[in-house]
Amino acid sequence: MDVRGRLKLVERWVELRSAPPPPRSQEGDPVTVIHSRLPLHECGGVHSIDPFLLRRLTLPPLPEPPDHSTLLFLDIETTGLGTGPGNLPFLIGCGRIEGDSFTVDQHFLHHPDAWGEMLRTVRPLLEGSDVLVTFNGRQFDWPVLREAFRACGDVPPEPAHLDLLRPSRRLWRLRLGSATLRALEEGVLGIAREEDVPGWLVPAVYADYLHTLDPSLANLLLSHNLRDVLALPALLAEVARAVTDPASLQEPADALGAGRILEEWEEVPAAATAYEKALQGGLARAFREKAVFSLASVYRRQGRTEELVRLLEEEAAGALRWSAPLHLELSRAYERHRGDLKMAYSAALRALEVLTTDPTVDGSRRARLTEEIVRRLDHLERRLKRG
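Residues numbered from 1 in each chain as written. Predicted model: local features only at pLDDT ≥ 70, side-chain atom pairs only at ≥ 80, totals over all residues. Heavy atoms only, no water.

1. Focus on the overall build of the protein
Put simply, the rule is: Each helix is a run of H or I in the DSSP string that is no shorter than four residues. Each strand is a run of E no shorter than two, and both are numbered from the N terminus. Each residue is placed in one exposure class: buried if its accessible area under a 1.4 Å probe, protein chains only, is under 20% of its type's maximum, exposed if it is over 50%, and partly exposed if it falls in between. Contacts are assigned to residue pairs with any non-hydrogen atoms lying within 4.5 Å of each other. The Shrake-Rupley method, run with a 1.4 Å probe sphere, supplies the accessible areas, and residue values consider only the shown protein chains as cover. Counted charges follow a simple rule, with Lys and Arg positive, Asp and Glu negative, and His plus the chain ends left uncounted. To locate a charge, take atom NZ for lysine, CZ for arginine, CG for aspartate or CD for glutamate.
Within the protein one finds 15 helices and 6 strands. Its C-alpha atoms give the protein principal-axis dimensions of roughly 95 × 40 × 40 Å. Going through the 387 residues of the protein one by one, you find that 52% of them count as buried. Looking at the protein alone, contacts between residues at least 24 apart form 67% of all its contacts between residues at least 6 apart. Element-wise, carbon and sulfur atoms account for 51% of the exposed surface of the protein, whose accessible area totals about 17700 Å². The average position of the 48 basic charges and that of the 56 acidic charges among the side chains of the protein differ by 9 Å.

Spelled out as structure tokens, the structure:
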């Protein structure tokens, strides 16, 4: 998402938050549904994602690519922080693509004894959806919601699931050091939350609301949930962009993450593009080693063995010249792909020399690498003697 798109999204979120909904639709109504709507083009381009990519991100895999209108963007707030039977949803936010709009229905519970009624208002949305889009929903939102339905004697419809947490971790945790939704909003979407309730405090705020019926507390909870729901389509669009066009990624660590996903999907040429992009920028040594070894593996699968050797040679003479594993891998490459035993032996000797001075290798790993290098040297000495 470009800077202009991020600014428009921030403005829209502030606008929606600044118009607090009434906490009750009428006196004594235990459940209120609050409707919000914003133009679809302000949601990061989620409506233009290739349906085949949506299918690939979904578990279990769908027999056919889903229509965008059958995605249900789901986020819940609960009375506790776990997934046990005592933890009940009191606010269920459901976002959908409807025409040229993104609409959000927030089902807010005013009395804990009426959560069965709230679930009945949500059930038609689940029935009309093919895919749930969540963030950590496979571990939290859906298990809690499913158990709530079962506690009411009901078996909920269970759409396929697109949980954004896993691809987000693989794409951005290397760079950000975290894959929480708030970290991703700030580091990927470029949006900082202000005046928001921390997630861990939500149950306590709701408990205060039940005690006081203070509308301002309800509005804090609704605002928090609305932001969570609105982040989902924007984040999904960023995931799609990263794996569809890894060459456009500006951050090397993000490109490395995209390559890992694409290689897992057996998208080998695209994975190679992602790893090549990662190596064009400045990566910390540990991440650079991962990128080099991953790209070498992809080159090997593609039969690009000469490019593989050149890659290792360049790194051994440059950024990874103090990496014993890199020199060891280069030794293998010389033997396997060029048949050059002398160069292979020289690279293995260099690996042993580097290992003795490398402070980044701990004791157990040093011992394992030393044993591996010595075995390789013995192997190459025997081959060289045989001529």
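2. Notes on the sheet that holds strand β1 (residues 31-39)
Convention followed: Whether two strands pair depends on DSSP finding at least two bridges between them. Lines fitted to the C-alpha atoms define the axes, with helices restricted to the stretch that makes contact. Angles between their N-to-C directions range from 0 to 180 degrees.
Ordered by their spatial adjacency, 6 strands build an open sheet running β1-β4-β3-β2-β5-β6, and the pairing between neighbours is mixed. Pairing within the sheet leaves two strands with one partner each, and these edge strands are β1 and β6 (160-163). Across the sheet, the mean angle separating the axes of adjacent strands is 25 degrees when strand polarity is ignored. Pairing analysis gives 4 bridges linking strand β5 (residues 131-134) to β6, with the strands arranged parallel. Paired with L132 across the two strands is H161, which belongs to β6.

3. Details of unusual backbone geometry
Keep in mind that most residues, glycine aside, have a negative phi and that most peptide bonds are trans. The omega torsion across L59 and P60 is -10 degrees, close enough to zero to call that bond cis. Structurally, P60 can be placed in the loop between α2 (51-57) and β2 (71-78). Positive phi is not limited to glycine here, since N136 has a value of about 65 degrees. Look at N136 and you get partly exposed, because its relative accessible area is 27%. A positive phi angle, close to 65 degrees, is found at E266, a residue other than glycine. Turning to its location among the elements, E266 is positioned in the loop between α9 (252-264) and α10 (268-279).

4. Concerning the pattern of salt bridges
Put simply, the test is: Salt bridges are defined by distance alone: a side-chain nitrogen of Lys or Arg within 4 Å of a carboxyl oxygen of Asp or Glu.
For the structure on display, the rule yields 33 salt bridges. Between D254 and R175 there is a salt bridge whose closest N-O contact spans 2.9 Å. Placement of the pair is D254 in helix α9 and R175 in helix α5 (residues 165-176), with a sequence separation of 79 residues. The class for D254 is buried, based on a relative accessible area of 6%.

5. Some points on the nonpolar core
Condition: Buried residues of nine kinds, namely Ala, Val, Leu, Ile, Met, Phe, Trp, Tyr and Cys, make up a nonpolar core once their side-chain atoms join them within 4.5 Å.
Counting 84 residues, the largest nonpolar core has F73, F102, L164 and L236 as its most contacted members. Counting residues per element, this core draws most heavily on helix α8 (residues 215-244), at 11 residues. Excluding residues within four positions of it along the chain, F73 makes contact with V46, G93, C94, G95, I97, F102, V133, V229, L232, P233 and L236. L74, F90, L109 and A218 belong to the second largest nonpolar core, which has 35 residues in total.

6. Points about the packing of helix α7 (residues 202-212) against α8
For the record, the criterion: Two helices cross in a left-handed way if the nearer one is turned anticlockwise from the farther one by less than a right angle. They cross in a right-handed way if the turn is clockwise. Just so you know the grouping, Ala, Val, Leu, Ile, Met, Phe, Trp, Tyr, Cys and Pro go in nonpolar, Asp, Glu, Lys and Arg go in charged, and all remaining residues, Gly too, go in polar.
Running from N to C, α7 and α8 point in directions that differ by 145 degrees, and their axes come no closer than 9 Å. Note on packing geometry: the crossing formed by α7 with α8 is left-handed. Contacts between α7 and α8 involve V202, V205, Y206, D208, Y209 and T212 from the former and L217, A218, L221 and H224 from the latter. Considered class by class, the residues forming the contact of α7 with α8 number 7 nonpolar, 2 polar and 1 charged.

7. Describing the environment of E238
Here E238 lies in helix α8. Taking the relative accessible area as the measure of exposure, E238 reaches 5% and is therefore buried. As for E238 and L189, which are separated by 49 residues in sequence, their C-alpha atoms are 8.1 Å apart.

8. Brief notes about the pairing of strand β4 (residues 101-109)
Burial within β4 is extensive, with 9 of its 9 residues counted as buried. What you see with β4 is no split at all: S101, T103, D105, H107 and L109 on one side and F102, V104, Q106 and F108 on the other are buried throughout. Relative to β4, β1 is paired through 9 bridges, and the arrangement is antiparallel. Bridge pairing links I34 to Q106 in β4. In this structure, strand β3 (residues 89-98) lies alongside β4, joined through 8 bridges in antiparallel fashion. Within the sheet, the bridge partner assigned to R96 lies in β4 and is T103. Between β3 and β4, which pair antiparallel and follow one another directly, the connecting turn spans 2 residues, one of which, G99, has a positive phi of 65 degrees.

9. Topic: helix α11 (residues 285-302)
The test is simple: Helix span, as expected, comes to 1.5 Å for every residue beyond the first.
Under the 1.5 Å per step criterion, the end-to-end length of α11 is 25 Å for 18 residues, consistent within 8% with the ideal 26 Å. Among the residues of α11, those classed as buried are R288, E289, A291, V292, S294, L295, A296, V298 and Y299. Looking at the buried side of α11, the elements it contacts are α9, α10, α12 (305-317), α13 (324-338) and α15 (363-386). The first or second residue beyond α11 is G303, which carries a positive phi of 75 degrees.

10. Details of α10
Helical geometry note: an α-helix holds 3.6 residues per turn, so side chains three or four residues apart project in the same direction. What counts, and what does not: Starting at the helix axis, one direction is taken to each C-beta atom, and the arc is that of these directions.
Between its terminal C-alpha atoms α10 stretches 17 Å, which fits the 16 Å expected from 12 residues at 1.5 Å a residue. Residues of α10 that are buried: V268, A271, A272, A274, Y275, A278 and L279. The buried side chains of α10 occupy one side of the element, clustering within an arc of 165 degrees when seen end-on. Those residues of α10 that are buried lie in contact with α9, α11 and α12.

Without other data, these values stay purely geometric and don't point to any function.
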